[in-house]
Amino acid sequence: MNEENDLEEILKRLIDELSKEEEEVRRKKIEEIKRLIAEGKYNVPVEELVESILRKLKKGP
């Protein structure tokens, strides 16, 4: 049973680390987009935006 607890603890730590890494990647991506907007260099991918809106509308609330 101890090995199972050890494995659970290791998995929990891995999940926590991956979550932190994901948050950092997301933060960096947001900062990059903010910078591009401020510099007037960000072009909104209109087709992707429309597709995303349509998908969300089809899903509903």
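Our subject is the structure that appears above.
Please read all numbers here as calculations on a predicted model, not as lab measurements.

Calculation notes
- Residues numbered from 1 in each chain as written.
- Predicted model: local features only at pLDDT ≥ 70, side-chain atom pairs only at ≥ 80, totals over all residues.
- Heavy atoms only, no water.
- Helix = DSSP H or I, 4+ residues; strand = E, 2+ residues; numbered from the N terminus.
- Rg over C-alpha atoms; globule rule 2.2 N^0.38 Å.
- Areas by Shrake-Rupley, 256 points an atom, 1.4 Å probe, with all protein chains shown as cover.
- Lys, Arg positive; Asp, Glu negative; His and termini not counted.
- Charge placed at Lys NZ, Arg CZ, Asp CG, Glu CD.
- Salt bridge = Lys/Arg side-chain N within 4 Å of Asp/Glu carboxyl O.
- Buried < 20%, exposed > 50% of the residue type's maximum accessible area, 1.4 Å probe, protein only.
- Expected span 1.5 Å × (residues − 1).
- Patch = residues over 30% accessible without salt bridge, like charges linked within 9 Å, V, L, I, M, F, W, Y side chains within 5 Å.

Undergrad: Explain the overall build of the chain to me, using residue names and the numbers behind them.
TA: Of the regular secondary structure elements, the chain holds 2 helices and 0 strands. Since a compact globule built from 61 residues should have a radius of gyration of about 10 Å, the 20 Å found for the chain marks it as more spread out than a globular shape. Here the chain displays about 6,200 Å² of accessible surface, and carbon together with sulfur accounts for 57% of that area. Averaging the coordinates of the 14 positive side-chain charges in the chain and doing the same for the 17 negative ones gives two points 8 Å apart.

Undergrad: Hey, could you go over the pattern of salt bridges for me, with residue numbers and the actual values?
TA: Taken as a whole and assessed by the stated rule, the structure comprises 7 salt bridges. Across the pair glutamate 32 and arginine 35 runs a salt bridge, and its minimum N-O distance is 2.5 Å. One end of the pair, glutamate 32, and the other, arginine 35, are both in helix α1 (residues 2-38), 3 residues apart, so they sit about a helical turn from each other. Classification of glutamate 32 by relative accessible area gives partly exposed; the value is 34%. By relative accessible area, arginine 35 is classed as partly exposed at 37%. For arginine 35, the salt bridge goes to glutamate 39, with nearest N and O atoms at 2.9 Å. One connected set of salt bridges, linked through shared partners, spans Glu32, Arg35, Glu39 and Lys41.

Undergrad: Residues and numbers for α1, please.
TA: Here α1 spans 54 Å end to end across 37 residues, near enough to the 54 Å set by a 1.5 Å rise per residue. One or two steps after α1, the chain reaches glycine 40, where phi turns positive at roughly 70°.

Undergrad: Give a detailed account of helix α2 (residues 46-59), specifying residues and quantitative values.
TA: For the α-helix, the turn length of 3.6 residues means that residues three or four positions removed from each other point alike. Across its 14 residues, α2 extends 20 Å between first and last C-alpha, which sits within 8% of the 20 Å expected from 1.5 Å per residue. Counting buried residues along α2, only 0 of its 14 residues qualify, which leaves the element largely exposed.

Undergrad: Any chance you could break down a nonpolar patch on the surface for me, citing the residues and the numbers?
TA: A contiguous nonpolar patch, built from Ile33, Ile37, Tyr42, Val44, Val46, Leu49, Val50, Ile53, Leu54 and Leu57 and spanning about 880 Å² of accessible area, is present on the exposed surface. Of all the secondary structure elements, the ones that give two or more residues to the nonpolar patch are α1 and α2. In terms of residue count, α2 provides more of the nonpolar patch than any other element does, 6 residues in total.

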